[in-house]
Amino acid sequence: METLKETTKKKNQKAALKITGAEAIIHCLLAEGVDLIYGYPGGAIMPVYDELYKFQDKLQHILTRHEQGATHAAQGYARVSGRVGVAMATSGPGATNLVTGLADAQIDSTPMVCITGQVPRHLLGSDAFQETDIIGISMPVTKWNFQITKASEIPEIMAKAFFIAKSGRPGPVLIDITKNAQFEELDFEYKHCTGVRSYNPRPKPDTKKLEQAAALINNAKKPYIVFGQGVILGQAEEQLKELVEKTGIPAAWTILGLSALATDHPLNVGMVGMHGNYGPNVLTNECDLLIAIGMRFDDRVTGNLDTYAKQAKIIHFEIDPAEINKNVKADVAVLGDARESLELLLPMIDSNSHEDWLAKFAEKYEEEFKTVIKNDLHPTKDGLTMGEVIKEINNATNNDAVIVTDVGQHQMITCRYARFKQSKSNITSGGLGTMGFALPAAIGAKMGAEQREVVAIIGDGGYQMTIQELATIYQNNTAVKIVVLNNEHLGMVRQWQELFFDKRYASTVMTNPDFVKIAEGYHIEARSVNKREDLADAVSQMIASDKPYFLEVKVEKEDNVFPMIPSGASVSDIRLK
């Protein structure tokens with residue numbers, strides 16, 4: 001008669017699957033629900049690609065034209081879908097080309113797992129062909145990284161990678177796998193990671209802190225909410241909406257918080273920051289209570305910290321303890337997930353309204369409208385403005401597109417004037433400010449939200465940094481709509497040169513190629529406009545297409561973005577012109 005021990009041993013033998021490390025990688029990805037990855041093959045990762053070829057029906061691989069494009073596409077996918085983006089590359093230059101995307105994902109809290117191949121274990125440290133210390137290189141720009149040198153490590157490390165990437169404050173993880181580990185065999189068994197020792201990704205909100213926060217909110221005369229991407233990452237959009245509606249508190253957003261609250265909500269007062277709205281910036285230094293939710297007091301938001309909201313009490317809702325008191329000292333810091341914290345807070349606060357206080361934001365908006373907004377959206381000059389292009393895109397998409405921006409003037413104009421009805425609609429490079437982000441990120445965004453219209457708005461400078469990803473769009477027939485606002489300059493740098501360097505346009509004038517011919521060379525329908533009377537029709541034609549489409553809009557060469565807080569100045573020193 002078979003003993004219990006023998007029966008258990010047989011069950012374990014049946015559960016374990018004898019496979020190579022390369023195949024184990026694929027099984028790990030499938031176990032985590034991954035069905036789409038972006039990458040570029042090479043020698044050190046070839047065994048994984050060989051296994052990937054056998055699983056094409058379950059796991060789609062998108063061949064980008066540069067490894068940086070793979071990371072940005074994975075970011076766009078993650079930001080729109082809320083899932084972990086995955087990118088893969090070979091060793092050496094393939095791995096180092098991922099670094100910009102890793103840094104971007106790290107500072108913008110984007111969940112991503114990057115897998116790189118590496119030379120065999122016995123060659124590590126020998127300067128072998130295409131060997132780089134990607135673990136050392138990527139350590140400062142990843143939430144976690146690890147080098148796998150034997151196949152038996154793969155299931156546990158991969159499970160841990162996905163758990164760390166998506167838990168708490170999300171971020172990028174890099175897993176480097178030596179080539180010998182890809183060839184070796186192991187008894188494969190996968191267990192999802194549910195915790196890591198000494199890592200507490202979701203701290204429980206302190207009830208006493210919540211009570212203190214509620215007391216400040218209930219007694220404030222001029223309370224003010226600034227919300228960031230933590231609301232979106234924490235899926236706290238409904239709780240934020242309930243909070244502002246119950247209390248009547250005006251709320252403004254950081255650029256990564258944009259779309260967490262509908263832009264036409266009566267208590268949504270606009271954008272804070274260097275090129276934000278006039279009222280939200282100026283009145284920061286008049287409120288008596290500043291409630292920061294899921295934002296990190298970035299320097300672009302605060303301006304000069306010595307003069308930032310010194311008259312106000314500060315409540316900071318934040319999941320990452322490293323951000324508490326880092327830039328701005330909080331009177332009450334509520335550590336925890338934004339959704340959980342707000343759900344616990346809501347029953348503690350009183351229904352209220354702050355009509356006189358809200359009216360001040362309306363007054364400041366009128367000032368801004370007369371001096372800035374009217375000229376941006378309803379210009380009288382002959383040349384096209386960036387603002388009126390965004391207005392036409394809003395109209396053509398019924399304010400319901402996913403809009404992906406690069407970095408520069410067009411980014412600030414888009415964030416100021418784009419209109420959104422639903423969350424996860426504004427995809428941009430925030431903290432790192434990565435030129436070249438938008439085109440590949442739009443590919444990932446479209447694949448992560450296939451039923452939504454995805455419009456990439458890009459400057460002529462950033463567009464040319466990853467223009468090769470037009471081939472990825474063509475090969476996969478990804479129906480991204482690409483709008484290049486062409487002012488023949490590196491616009492944001494040129495604006496600073498005009499305002500602060502006596503118009504010395506050092507290396508910012510661009511001689512550009514024929515963008516329409518380039519798009520057509522990739523078999524993408526294309527059009528260029530430079531007249532106001534053609535703009536609405538061109539945008540409508542683009543949006544009506546069910547295929548990839550490229551639209552170049554030639555805009556004013558020396559158009560500036562205002563308002564503007566000069567670098568190092570106070571938010572109160574914001575300039576309207």
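The rules behind the values
- Residues numbered from 1 in each chain as written.
- Predicted model: local features only at pLDDT ≥ 70, side-chain atom pairs only at ≥ 80, totals over all residues.
- Heavy atoms only, no water.
- Salt bridge = Lys/Arg side-chain N within 4 Å of Asp/Glu carboxyl O.
- Helix = DSSP H or I, 4+ residues; strand = E, 2+ residues; numbered from the N terminus.
- Buried < 20%, exposed > 50% of the residue type's maximum accessible area, 1.4 Å probe, protein only.
- Pairing = 2+ DSSP bridges.
- Axes fitted to C-alpha atoms, helices over the stretch in contact; angles between N-to-C directions.
- Contact = heavy atoms within 4.5 Å.
- Domains from an automatic or database assignment.
- Buried area = accessible area lost by both parts, 1.4 Å probe.
- Polar contact = N/O pair within 3.5 Å; in protein donor to acceptor, adjacent residues only side chain to side chain.
- Disulfide = S-S within 2.5 Å.
- Phe/Tyr/Trp six-rings, centres within 6.5 Å; stacked < 30°, edge-to-face > 60°.

Here we look at the pattern of salt bridges
Working step 1: All chains considered together, the criterion is met by 25 salt bridges.
Working step 2: Asp298 serves as the salt-bridge partner of Arg296, at 3.5 Å between the closest nitrogen and oxygen.
Working step 3: The residue Arg494 makes a salt bridge to Glu498 at a minimum N-O spacing of 2.7 Å. Within this pair, Arg494 and its partner Glu498 are both found in helix α22 (residues 491-500), separated by 4 residues, close to a single helical turn.
Working step 4: Judged by relative accessible area, which is 0%, Arg494 ranks as buried.
Working step 5: For Glu498, a relative accessible area of 22% translates into the label partly exposed.

Considerations on the sheet that holds strand β14 (residues 332-335)
Picture the strands of a sheet paired through backbone hydrogen bonds; they go either parallel or antiparallel.
Working step 1: Strand order across the open sheet formed by 6 strands is β11-β10-β9-β12-β13-β14, with parallel pairing between neighbours. Each edge of the sheet is formed by a strand with only one pairing partner; in this case those strands are β11 (268-271) and β14. Adjacent strand axes in the sheet meet at a mean angle of 20° when their direction is disregarded.
Working step 2: Two elements, strand β9 (residues 223-227) and strand β10 (residues 251-253), share 3 bridges in a ladder whose sense is parallel. Residue pairing for β10: Ile225 is matched across the bridge by Ala251.
Working step 3: Of the strands in this sheet, β9, β10 and β12 (289-293) are in contact with helix α12 (residues 237-247), which crosses β9 at around 165°.

Topic: the pairing of strand β3 (residues 60-63)
One face of the sheet, then the other: side chains in a regular strand alternate in exactly this way.
Working step 1: Note that strand β2 (residues 36-39) and β3 share 4 bridges and pair parallel. Bridging across to β3, Leu36 finds its partner in Gln60.

Considerations on the sheet that holds strand β19 (residues 525-529)
Working step 1: Across the sheet, which stays open at both edges, the 6 strands sit in the order β16-β15-β17-β18-β20-β19 with parallel pairing between neighbours. Two strands lie at the open edges of the sheet, namely β16 (426-427) and β19, each paired on one side alone.
Working step 2: Inspection of the sheet shows strand β15 (residues 402-405) paired to strand β17 (residues 454-459) by 4 bridges, in the parallel sense. Paired with Val402 across the strands is Val454, a residue of β17.
Working step 3: Packing of helix α19 (residues 438-448) onto the sheet brings it into contact with β15, β17 and β18 (481-486), and relative to β17 it is tilted by some 175°.

Side note on the domain arrangement of the protein chain
Working step 1: Segmentation of the protein chain into domains returns domain 1 (4-188), domain 2 (207-359) and domain 3 (378-554).
Working step 2: Between domain 2 and domain 3, the C-alpha centre-to-centre distance is 31 Å.
Working step 3: Residue-level contacts link 16 residues of domain 2 with 19 residues of domain 3.
Working step 4: Summing the contributions of domain 2 and of domain 3, the shared interface buries around 1,400 Å²; its carbon and sulfur component is 60%.
Working step 5: Taken as a group, Ile255, Ser259 and His275 account for 38% of the area that domain 2 buries against domain 3, more than any other trio of residues on that side.
Working step 6: Joining domain 2 to domain 3, the criterion identifies 8 residue pairs in polar contact (both at pLDDT 80 or more).

Overview of the side chain of Thr302
Working step 1: Its location among the elements puts Thr302 in helix α14 (residues 299-302).
Working step 2: The buried category is assigned to Thr302, whose relative accessible area is 1%.
Working step 3: Those residues in contact with Thr302 that lie beyond four places of it in its chain are Phe297, Tyr308, Val328 and Val571.

A look at the state of the cysteines
Working step 1: Counted under the stated rule, the structure contains 0 disulfides.
Working step 2: Cys193 takes part in no disulfide bond, and the closest cysteine sulfur, belonging to Cys28, lies 12 Å away.

Observations concerning the packing of aromatic side chains
Working step 1: Summed over the entire model, instances satisfying the criterion amount to 11 aromatic pairs.
Working step 2: Seen from their ring centres, Tyr365 and Phe369 are 6.2 Å apart, and the 35° between their planes marks the pair as tilted. Of this pair, Tyr365 and Phe369 are both found in helix α16 (residues 355-377), 4 residues apart, which corresponds to roughly one turn of the helix.
Working step 3: The exposure class assigned to Phe369 is partly exposed, which follows from its relative accessible area of 26%.

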